Amino acid sequence: MDAWKYILVYYISISIPSVIITVYDKIAAIKKAVRIPEKTLMAFASLGGAAAMYVTMKAIRHKTLHKKFMIGLPIIIIVHTLIIGLSYCFLTTK
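Residues numbered from 1 in each chain as written. Predicted model: local features only at pLDDT ≥ 70, side-chain atom pairs only at ≥ 80, totals over all residues. Heavy atoms only, no water.

Chemist: Give a description of the nonpolar core that names residues and reports values.
Modeler: Soluble, globular proteins show a tendency: their nonpolar side chains are buried together. I21, I36, L41, M42, A45, A50, M53, M57, F69, M70, L73 and I76 together form the largest nonpolar core, which totals twelve residues. Sorting the residues of this core by element identifies α2 (38–60), α3 (67–70) and α4 (72–92) as the ones contributing at least two each. When residues of this core are assigned to their parent elements, the largest contribution, six residues, is made by α2. Look past the residues within four positions of F69 in its chain and what remains in contact with it is E38, L41, M42, Y54, M57, K63 and P74. (Core = buried A, V, L, I, M, F, W, Y, C linked by side-chain atoms within 4.5 Å. Buried < 20%, exposed > 50% of the residue type's maximum accessible area, 1.4 Å probe, protein only. Helix = DSSP H or I, 4+ residues; strand = E, 2+ residues; numbered from the N terminus. Contact = heavy atoms within 4.5 Å.)

Quick look at the structure:
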């Protein structure tokens, strides 16, 4: 069961920078400054920050008109949930 603690710590660790870069990109968009590339945002989402990014984007109204994010992030969240669920089933089966 200790593995689940590491998984939780990992998701928190990737979620924090995911939120930070999402908020930074929103601020940069407003100020017309250097933006975070969409590839980078999606990479962070794919690494585990999708849920945090999705909630953040909805809260700050950033990229909510971009299908890539409003459809892509929920799909990534579902995939991550399935992977974690299946891992739980296989790791806890004796």
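Chemist: Go over the side chain of D25, please, and point to the residues and values.
Modeler: Inspection of the secondary structure puts D25 in helix α1 (residues 2–31). A polar atom in the side chain of D25 sits 2.9 Å from the side chain of R35. Among all residues touching D25, those that are not within four sequence positions of it are R35, I36, L41, H62 and K63. (Polar contact = N/O pair within 3.5 Å; in protein donor to acceptor, adjacent residues only side chain to side chain.)

Chemist: Can you break down the packing of α2 against α4 residue by residue, with the values?
Modeler: One can describe the packing of α2 onto α4 by two numbers: an axis separation of 9 Å at closest approach and a directional angle of 115°. As α2 packs across α4, the resulting crossing turns out to be left-handed. Contact with α2, carried on its side by M42, A45, S46, L47, G48, A50, A51, M53, Y54 and M57, involves L73, P74, I76, I77 and H80 of α4 and no other residues of that element. (Axes fitted to C-alpha atoms, helices over the stretch in contact; angles between N-to-C directions. Left-handed = near helix turned anticlockwise from the far one by under 90°.)

Chemist: Quick rundown of the side chain of S18? Include the residues and the values.
Modeler: For S18, the location among the structural elements is in helix α1. A polar contact of 2.6 Å, which involves the side chain of S18, links it to the backbone oxygen of I14. Each residue touching S18, except ones within four places of it in the same chain, is listed here: F44, G49 and M53.

Chemist: Can you explain a nonpolar patch on the surface? Please cite residues and give values.
Modeler: Nonpolar side chains collect at one region of the surface, where L8, I12, I16 and I20 lie side by side and expose about 390 Å² of accessible area between them. Looking at the secondary structure, you find L8 in helix α1. (Patch = residues over 30% accessible without salt bridge, like charges linked within 9 Å, V, L, I, M, F, W, Y side chains within 5 Å. Areas by Shrake-Rupley, 256 points an atom, 1.4 Å probe, with all protein chains shown as cover. Salt bridge = Lys/Arg side-chain N within 4 Å of Asp/Glu carboxyl O.)

Chemist: Help me get a handle on the pattern of salt bridges, residues and values and all.
Modeler: Inspection of every chain in the model, using the stated rule, returns four salt bridges. Note that D25 is salt-bridged to R35, the shortest N-O span being 2.9 Å. Here D25 is found in helix α1, whereas its partner R35 is found in the loop between α1 and α2, with ten residues between them in sequence. By relative accessible area, which is 0% here, D25 ends up buried. Looking at R35, the relative accessible area reads 38%, which means it is partly exposed. As a salt-bridge pair, K63 and D25 come within 3.9 Å of each other at their nearest N and O atoms. Of this pair, K63 sits in the loop between α2 and α3 while D25 sits in helix α1, and the two are 38 residues apart along the sequence.

Chemist: Explain unusual backbone geometry to me, using residue names and the numbers behind them.
Modeler: For R61, which is not glycine, the phi dihedral falls at a positive 55°. Along the polypeptide, R61 turns up in the loop between α2 and α3. Despite not being glycine, K63 shows a phi value in the positive range, around 60°.

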